[in-house]
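Chains, contacts and geometry: an overview
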Amino acid sequence: MERRTMNQVPLFSSAGELANMVITSNLIDVALAKIPELQRGQAALPRSVQPIVYHPTPNRTIVVFAPSPDSTQYPLPEGGDLVPYPDFYFLYTKECTSVSINRAALNLFESLKNHLSGLKTELIARDGQLIITGHSLGGSVASLFTLYLLDSMNKKSKCRPICITFGSPLIGDFGLQHSQWNSFFLHVVSNKDPVPGLFLPSSHSQTTAYKPFGTYLLCSELGCACFDDPDLILKLLTVISSSEVAGGLLQVVDYGEILRNLKERAICKGPRLAGERFADPFSDGIVMELETIGIDRTKLLQHNIDIRRIEADARSLAKKTKAFDAKKLNDIKKYMALLEWYKKKSKDAKKGYYDCFKNGEFKRDIRIGEFMGHLNAYWEDMVAQADRKPQKEGASFRTSWLFAGTTYRRMVEPLDIAVFYKGGGRDYINSERSQHYKLLEQWYEEPAKPPTREELDSKKQKVSVLLTEDSCFWAHVEEAILSCKSLTNANSTTELRESSWNNLVKFGEYVMEQIENYAVSPEIFLKDSCFMTWWGEYKAYKASPSNPCSLQFIKFIDFMKTGRYGVYGGSEVP
């Protein structure tokens with residue numbers, strides 16, 4: 001039997017199995033348990049939705065947004081208008097600088113804001129499991145409150161909310177889809193309930209500004225399936241919402257009864273076996289899952305939805321997810337390990353890895369160029385993703401892998417610099433430097449204050465194994481070499497010589513600062529390095545006593561002339 005590789009698409013679509021796992025857990029039971037009871041008591045209350053907090057166990061808190069019976073039948077009487085909501089600025093990205101919310105849901109949320117503000121403070125301080133739930137219009141407010149709550153939490157918060165809604169209308173536009181908090185939302189929708197797609201056009205050929213976010217558990221009396229592809233969810237909700245609404249009233253769906261039946265079915269039936277019914281398990285598995293939630297090919301055709309497009313998108317997503325997380329991450333670790341090996345081999349040969357790569361004397365230098373290409377592609381994509389994320393999430397996301405990104409930048413950018421100057425380039429920093437390097441450096445946000453004596457002593461002890469902190473150090477060296485050439489070129493103008501000398505003074509000041517902070521690797525002082533090549537050219541140049549220079553520059557020249565670089569960092573430089 002042929003073995004499947006890591007990158008192959010799974011044999012069977014897992015939407016149904018995931019749904020059964022959710023159904024048979026007690027999470028949905030807990031979320032739904034209080035809603036019917038609270039709804040019955042809501043008729044006399046002034047508001048159409050009322051938040052109720054209860055604690056079934058010491059380590060579990062449930063917030064129920066219970067709608068009145070009237071709001072269940074007429075969930076959003078003000079219609080489907082979307083209005084910008086600047087309070088959700090934390091979801092803004094460079095590509096999407098606004099978030100719009102359904103006017104009626106937003107008005108109701110705002111009317112509860114004073115009460116919810118105090119509730120937010122109380123919930124953030126609690127430990128244990130937090131479930132926020134609601135039915136119909138109550139689910140809309142529950143979703144808005146969960147976003148409001150998540151924005152106030154940090155990674156160290158003890159209690160992270162899960163929002164579970166039942167038969168709730170779509171509440172917002174594309175701006176909600178960017179959030180990595182999507183995984184905190186589960187929306188349960190029956191195929192008999194047109195409310196979730198209330199503001200969608202009746203035909204798929206028409207467009208809508210409403211967009212789903214989070215995971216959707218779609219169910220019918222036959223079974224259930226989970227979906228998180230927003231485009232597919234939108235299509236399926238369009239089909240479901242086309243149900244007739246008699247007399248202007250929406251059919252009240254008993255989610256408790258539906259879920260009880262599905263739980264019994266899932267437990268009795270057990271897991272489905274891939275291939276037990278179909279020749280192409282993945283393709284036909286999707287068809288079966290759609291049939292399970294009450295949507296067959298005929299209904300898809302009526303709404304001009306191409307099942308082949310759904311299958312192709314599902315395959316693409318499954319393959320991309322499968323390949324990226326496991327194999328690609330392992331490859332990146334392997335390439336970084338090979339660069340570490342290359343750096344050590346270069347040092348053993350009494351050359352820095354920057355100069356070895358630039359000279360390209362060995363086959364391994366070519367191979368390192370290939371690894372560098374893979375690493376650059378990976379990190380360019382990672383940085384682009386982080387840069388597109390909402391402000392707060394982007395900061396959290398960047399923090400989680402910034403150490404790895406900084407190591408990559410310090411290791412790989414010098415190799416890009418070597419390629420640039422070997423090809424005759426000038427002014428790398430201003431003319432060629434990739435945006436992803438700039439952003440990685442910007443996000444690193446090294447402290448501006450000078451390091452303490454203890455920090456300097458620690459760096460001094462480890463400097464022989466550290467990477468040069470400024471990943472553009474070699475660009476400064478290459479520019480200094482070019483400035484030396486301009487000074488010694490008989491054809492250089494007076495203005496060019498003055499400019500070149502000023503550049504050298506700034507360079508000397510910069511290098512001395514790096515040395516004093518133990519921010520450069522001792523490899524820069526290896527005999528055949530570009531830096532020592534520059535030093536040799538500078539020494540050959542007879543600087544005029546009248547040339548302006550700073551005390552820091554004089555200090556640097558003295559450091560080099562007296563040979564103190566030979567024991568930089570407390571160990572002898574070969």
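Below, the structure is looked at part by part. (Residues numbered from 1 in each chain as written. Predicted model: local features only at pLDDT ≥ 70, side-chain atom pairs only at ≥ 80, totals over all residues. Heavy atoms only, no water.)

1. A word on the overall build of the chain
Here is the rule we go by: For the purposes of this entry, the term helix denotes a DSSP run of H or I that reaches at least four residues, the term strand denotes a run of E that reaches at least two, and both are numbered from the N terminus. Note on classification: 1.4 Å probe, protein chains only; a residue is buried when its accessible area is under 20% of the maximum for its type, exposed when over 50%, partly exposed between these limits. Two residues form a contact once any of their heavy atoms are found within 4.5 Å. Using a 1.4 Å probe, accessible areas were evaluated by the Shrake-Rupley method; residue-level cover was limited to the displayed protein chains.
The secondary structure content of the chain amounts to 22 helices and 9 strands. By the burial criterion, 49% of the 574 residues in the chain qualify as buried. Summarising the internal contacts of the chain: among those between residues at least 6 apart in sequence, 76% fall at separations of at least 24. Looking at the chain as shown, the accessible area adds up to about 28400 Å², and 52% of this sits on carbon and sulfur atoms.

2. A look at the nonpolar core
In plain terms, the rule: Residues grouped as a nonpolar core are buried Ala, Val, Leu, Ile, Met, Phe, Trp, Tyr and Cys residues, joined through side-chain atoms within 4.5 Å.
In terms of nonpolar packing, the biggest core is built from 72 residues, with Phe525, Phe531 and Trp534 touching the most fellow members. At 10 residues, the largest contribution of residues to this core is made by helix H15 (residues 391–422). The next biggest cluster of nonpolar side chains, apart from the first, holds 39 residues, and it includes Phe65, Tyr85, Val99 and Leu147.

3. Re unusual backbone geometry
The backbone of Asp427 shows a phi angle near 60°, a positive value even though the residue is not glycine. Structurally, the position occupied by Asp427 is in the loop between H15 and helix H16 (428–431). Despite not being glycine, Tyr518 has its phi angle at roughly 50°, a positive value. Structurally, the position occupied by Tyr518 is in the loop between helix H20 (494–516) and helix H21 (530–540). What makes Tyr518 buried here is its relative accessible area of 16%.

4. A look at the pairing of strand E5 (residues 129–135)
Threshold: Only strands that DSSP links by at least two bridges are regarded as paired with each other.
Among the 7 residues of E5, 6 are classified as buried, and the element is accordingly described as predominantly covered. For strand E2 (residues 60–67) and E5, the ladder comprises 6 bridges, and the chain directions are parallel. Directly across from Ile62, in E5, lies its bridge partner Ile131. With 6 bridges connecting them, E5 and strand E6 (residues 161–166) associate as parallel partners. Across the sheet, Ile131 pairs through a bridge with Ile162, a residue of E6.

5. Concerning the sheet that holds E5
Here is the rule: Each axis is a line fitted through C-alpha atoms, taken for helices only over the stretch in contact, and angles between the N-to-C directions span 0 to 180 degrees.
On the basis of which strands lie adjacent, the open sheet formed by 7 strands has the order E1-E2-E5-E6-E7-E8-E9 and mixed pairing. In this open sheet, the two edge strands, each paired with only one partner strand, are strand E1 (49–57) and strand E9 (224–227). Averaged over all neighbouring strand pairs, the angle between strand axes comes to 20°, with direction disregarded. Pairing geometry for strand E8 (residues 215–219) and E9, over 4 bridges, is antiparallel. Looking at E9, one finds that Leu217 is bridged to Cys226. Against the sheet, helix H8 (residues 230–240) engages strand E7 (185–190), E8 and E9, with an angle of about 35° to E8.

6. Some details on H20
Test applied: One less than the number of residues in a helix, times 1.5 Å, gives the span that helix is expected to have.
If you check H20, its first and last C-alpha atoms are 33 Å apart, about what 23 residues at 1.5 Å a residue would give, namely 33 Å. Looking at the buried positions of H20, the neighbouring elements they touch are helix H19 (473–488), H21 and helix H22 (551–561). Just beyond H20, the residue with positive phi is Tyr518, at close to 50°.

7. Some thoughts on the packing of aromatic side chains
So the rule is basically this: Centres within 6.5 Å make a pair out of two Phe, Tyr or Trp rings, where for Trp the six-membered ring is used; the pair is then stacked when the planes are under 30 degrees apart, edge-to-face when over 60, and tilted otherwise. Whether a charge sits over a ring depends on NZ of Lys or CZ of Arg being within 6 Å of the ring centre and within 35 degrees of the ring normal.
Within this structure, the stated rule accounts for 35 aromatic pairs. Here the guanidinium or amino end of Lys113 rests over the ring plane of Tyr148, the centre of that ring lying 5.1 Å away.

8. Looking at the pairing of E9
Burial of E9 is two-sided: the residues Cys224 and Cys226 facing one way and the residues Ala225 and Phe227 facing the other way are all buried. Where E8 folds back on E9, the antiparallel hairpin that results is connected by 4 residues.

9. Some thoughts on the pattern of salt bridges
Heads up, the condition is: One speaks of a salt bridge when a side-chain nitrogen belonging to Lys or Arg is within 4 Å of a carboxyl oxygen belonging to Asp or Glu.
In the structure shown here, the tally under the stated rule is 13 salt bridges. Taking the shortest distance from any N to any O, the salt bridge between Asp87 and Lys113 comes out at 3.4 Å. Of this pair, Asp87 sits in the loop between strand E3 (82–84) and strand E4 (100–102) while Lys113 sits in helix H6 (residues 113–124), placing them 26 residues apart in sequence. Classification of Asp87 as partly exposed rests on a relative accessible area of 40%. In this structure, Asp348 engages Lys344 in a salt bridge whose closest nitrogen and oxygen atoms are separated by 3.3 Å. With Asp348 and Lys344 both in helix H12 (residues 307–348) and 4 residues apart, the pair spans about one turn of that helix. For Asp348, a relative accessible area of 48% corresponds to the partly exposed category. Connected through salt bridges with shared partners, the residues Asp87, Glu110 and Lys113 form a single ionic network.

10. Description of the packing of H19 against H20
Stated formally: Helix crossings get a hand from a simple test, with the near helix turned counterclockwise from the far one by less than a right angle marking a left-handed crossing and a clockwise turn marking a right-handed one. In this classification, Asp, Glu, Lys and Arg are treated as charged, Ala, Val, Leu, Ile, Met, Phe, Trp, Tyr, Cys and Pro as nonpolar, and every other residue, Gly included, as polar.
Running from amino to carboxyl end, H19 crosses H20 at an angle of 145°, the nearest separation of the two axes being 9 Å. Judged by the twist between their axes, the crossing of H19 over H20 is left-handed. Within the contact between the two elements, H19 uses Phe473, His476, Val477, Ala480, Ser483, Cys484, Ser486 and Leu487 and H20 uses Leu496, Arg497, Ser500, Trp501, Asn503, Leu504, Phe507, Tyr510 and Val511. Partitioned by chemical class, the residues of the contact of H19 with H20 number 11 nonpolar, 5 polar and 1 charged.

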